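# Structural overview for review
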Amino acid sequence: MKKTKGLIGSIIVSMLLIISFCTMAWASSGKRMADLKTITILHTNDTHSRVVEGEYDGIGFAKLAAMFKEFKAQNPNTLVLDAGDTFHGQTVATLLRGESIAKLMNIMGYDAMTPGNHDFNYGYQRLLELDEITNFPILSANVKTVDGTRVLTPFVIKEVEGIKIGIIGLSTPETAYKTHPKNVAGLKFTDPVEEARVMVSELKEKVDVMVVLAHLGMDPSSQDTSIKLAQAVPQIDLIVDGHSHTTLNEGMMIGNTLIVSAGEYDKNLGSVQLTFEGKKLIGKQAKLVTKEDAEQTPDDQDVLKTINGILAENKLILSQVIGKTAVKLEGERERVRKGETNLGNLIADAIISESGADVAIVNGGGIRASIEAGPITKGQIITVLPFGNFIVTKKVKGTDIKAALENGLKSYPELSGGFPHVSGIKYTIDPSKSAGEKVTEIIFKGNPLDLNQDYILAVNDFMASGGDGYSMLADDAIANEYPALDEIVINFIQAKQVVDPQVEGRIVEKQAIGLGPTIEPAIYIVKPGDVLYRIAKQFGTTWQKLQELNQLKNPHLIFPGQNIIVPVSK
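What this report covers is the structure whose coordinates are included nearby.

### Overview of the overall build of the protein chain
Along the protein chain, the regular secondary structure elements total 16 helices and 27 strands. Whereas a compact globule of 570 residues would reach a radius of gyration of roughly 25 Å, the protein chain reaches 27 Å, a difference of no more than 12%. Each of the three principal axes of the protein chain carries a C-alpha extent, and together these read 95 × 50 × 45 Å. Among the 570 residues that make up the protein chain, the fraction classed as buried is 56%. For the protein chain, long-range pairs separated by at least 24 residues make up 75% of all intrachain contacts whose partners lie at least 6 apart in sequence. Working note: accessible area of the protein chain is about 23300 Å², and carbon and sulfur atoms make up 51% of it.

The structure is reproduced here in structure tokens:
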């Protein structure tokens, strides 16, 4: 047996040992050992369609499926549940509007799920179609039409070894504003606590144990949380939670209710062992199997074959042309991690167009490739933006925006993955200043940014959670959530058909290339026959300084129509 597979087995065995100790204890007290039964609940949440194992992703669906089988081999009385944000997040999901994920979950053997806010990103009618595709129910008791009719099945009863398990679904009311409003037009998300009380009242004479699949989370900024639910409805035995991406290694007890959550992006597989004496629940034990635990687990071949087939099918879709660019879109590492580029501007503008935010900031490290002038395919956008990040907005003070810019520029002029590309503002850098003091001016709608005023800021979810050092944004409540960034950029280009973004002085360096504080950059468009030293002579500088300012790898290789940043005296 491979080392890590053995580690998973040892986790299962350790849980069974705990149960065996309970068995011996009950036997010594005169109880019949035959009356003791165990049921395993395996659970995932917030996978955001990370089906393929990767450096920044989790276990992967093929290994998860193999682990499901291993657990079931140890205990056939096993159910597999998911707490939402599953059908959306990666190209493998979005190109087929969630169908690929539904089919994979069928093969993997899921028994039930509840929808998260991102599962509504294709529109709720599509979610209903996915509910028809899945071999398991998509549950939610608090998603209703305006007349009060439930849209989805509210609960299901599963009988395992004579034990009747009531599984109730609840979705976060934040879905009303954490997906595009058009996706949930005509729906209302009612109070999860009140709906849970109704379901518990209906099920209490029908089931032996109450399980809630809750996409509510534990974020203190949320009005409706799994903690609040457990406190208000103590009859619930187990809450399988999602939404806040919380990792609970051994669960959390709130009164007699156990809350479990496996983090995000299938980096962990959650496992709960329920022990019964007859039909009475007498024990609950929660554990996580981590990505490291599963490192050498062999892939389930049926799931792997299906994933490879989906990826092959997606290649055809990714070759589709969505528009064209009149200029090269500059996304090379040496450019996007140090200065303004037309591609950084395009992406930031697309975010503003989708979200309506006042300001957008894009981390340069999230831009991974250039696109040559000419037709643009979906696949090229995925290559540029490969991480599957989605966009969120937050209400922040002007001081937070300045702090965010300072963070991205703390090592300037060195290359930095946090380098801030922007839309909605322009800012000036003084590289001679110390970290935290490099931003000398921020302009919003023609006027200096008011550091005490509230603004709506749009960033990707990685930055919003403090990634790339943007910790000043992590504690602010999310105002709204939007689709994946690649989708947003694809839709933006499709709407325009032809894009021609420019470097336009959104980011200005004081004392640029050593020419003094009165120097500002301008754009010169290369003409046929131009060479760099002649352009430099026109603007009173040297070709070496133009090469540095424009970060040109080959100063002898410039093209008609190319934009060259040049210094111009005020």
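### A word on the sheet that holds strand 9 (residues 238-241)
Strands sit in the order 5-6-8-9-11-10 across an open sheet of six strands; the sheet is mixed. Because the sheet does not close on itself, it has two edges, and the strands there are strand 5 (155-160) and strand 10 (252-254). Strand-to-strand twist in this sheet, taken as the mean axis angle between neighbours without regard to direction, amounts to 25 degrees. Taken together, the three bridges between strand 10 and strand 11 (residues 257-260) define a ladder with antiparallel strand orientation. Each bridged residue has a counterpart across the sheet, and for Met253 the counterpart in strand 11 is Leu258.

### Regarding the nonpolar core
With 40 residues, the main nonpolar core has Phe61 and Phe87 as its most contacted residues. Mapped by element, the contributors of at least two residues to this core are helix 2 (61-74), helix 3 (91-94), helix 4 (99-108), helix 5 (124-133), strand 7 (187-189) and helix 8 (301-318). The biggest single contributor to this core is helix 2, with seven residues. Ignoring anything within four residues of it in the chain, the contact list for Phe87 reads Ala93, Gly98, Ile101, Ala102, Met105, Met113, Asp119, Tyr122, Leu127, Leu130, Thr134 and Ile138. With 31 residues, the next largest nonpolar core counts Leu329, Ala357, Ile376 and Val499 among its residues.

### Overview of the packing of aromatic side chains
The final tally for this structure, using the stated rule, is six aromatic pairs. Seen from their ring centres, Phe444 and Tyr455 are 5.1 Å apart, and the 80 degrees between their planes marks the pair as edge-to-face. Of this pair, Phe444 sits in strand 20 (residues 439-444) while Tyr455 sits in strand 22 (residues 454-460), and the two are eleven residues apart along the sequence. Since its relative accessible area comes to 3%, Tyr455 is described here as buried. Consider the rings of Tyr524 and Phe539, whose centres lie 5.9 Å apart with planes at 70 degrees: the pair is edge-to-face. Taken together, the positions of Tyr524 in strand 26 (residues 519-525) and Phe539 in the loop between helix 15 (532-538) and helix 16 (543-550) put the pair 15 residues apart, joining distant regions of the chain. Looking at Tyr524, the relative accessible area reads 9%, which means it is buried. Given the relative accessible area of 27%, Phe539 is considered partly exposed. Directly above the ring of Tyr265 sits Arg50, whose terminal nitrogen or CZ lies 3.9 Å from the centroid.

### Section: the packing of helix 10 (residues 342-355) against helix 14 (residues 485-496)
Two elements in contact, helix 10 and helix 14, have axes whose closest approach is 9 Å; the angle formed by their N-to-C orientations is 90 degrees. Taken together, the axes of helix 10 and helix 14 lie roughly perpendicular to each other. Residues Leu346, Ile347, Asp349, Ala350, Ile351, Ser353 and Glu354 of helix 10 touch helix 14, and the partners they reach there are Leu485, Ile488, Val489, Phe492 and Ile493. Across the contact of helix 10 with helix 14, the residue classes break down as nine nonpolar, one polar and two charged.

Reading the values: rules and limits
- Within every chain, residues take consecutive numbers counted from 1 along the sequence as written.
- Note on the predicted model: pLDDT of at least 70 is required for a residue's local features to be given, and 80 or more for side-chain atom pairs to be given and counted; whole-chain, interface and lining totals, by contrast, use all residues.
- Side-chain metrics in this entry use all non-hydrogen atoms of the structure; hydrogen atoms and water are not considered.
- Secondary structure elements are taken from DSSP: a helix is a run of H or I of four residues or more, a strand is a run of E of two residues or more, and numbering for both begins at the N terminus.
- Atoms considered for the radius of gyration are the C-alpha atoms alone. The globule rule reads 2.2 Å times the number of residues to the power 0.38.
- Only protein chains enter the area calculation, which uses a 1.4 Å probe; residues under 20% of their type maximum are buried, those over 50% are exposed, and those in between are partly exposed.
- It only takes one pair of heavy atoms within 4.5 Å for two residues to be counted as in contact.
- Here the Shrake-Rupley method, with its probe set to 1.4 Å, supplies the accessible areas, and only the displayed protein chains count as covering residues.
- When DSSP finds at least two bridges between two strands, those strands are taken to pair.
- Inter-axis angles, ranging from 0 to 180 degrees, are taken between N-to-C directions of lines fitted to C-alpha atoms, where helices are fitted over the stretch in contact.
- Here, nonpolar core means buried Ala, Val, Leu, Ile, Met, Phe, Trp, Tyr and Cys residues that are tied together by side-chain atoms lying within 4.5 Å of each other.
- Ring geometry is summarised as follows: Phe, Tyr and Trp rings, the Trp one being its six-membered ring, pair when their centres sit within 6.5 Å, and such pairs are stacked at plane angles under 30 degrees, edge-to-face over 60 and tilted between the two.
- Only lysine NZ and arginine CZ atoms are considered, and such an atom sits over a ring when it is within 6 Å of the ring centre and within 35 degrees of the ring normal.
- By the definition adopted for this analysis, an angle is roughly parallel if under 35 degrees, roughly antiparallel if over 145, roughly perpendicular if from 65 to 115, and oblique otherwise.
- Asp, Glu, Lys and Arg are counted as charged, while Ala, Val, Leu, Ile, Met, Phe, Trp, Tyr, Cys and Pro are counted as nonpolar; the rest, among them Gly, fall into the polar class.

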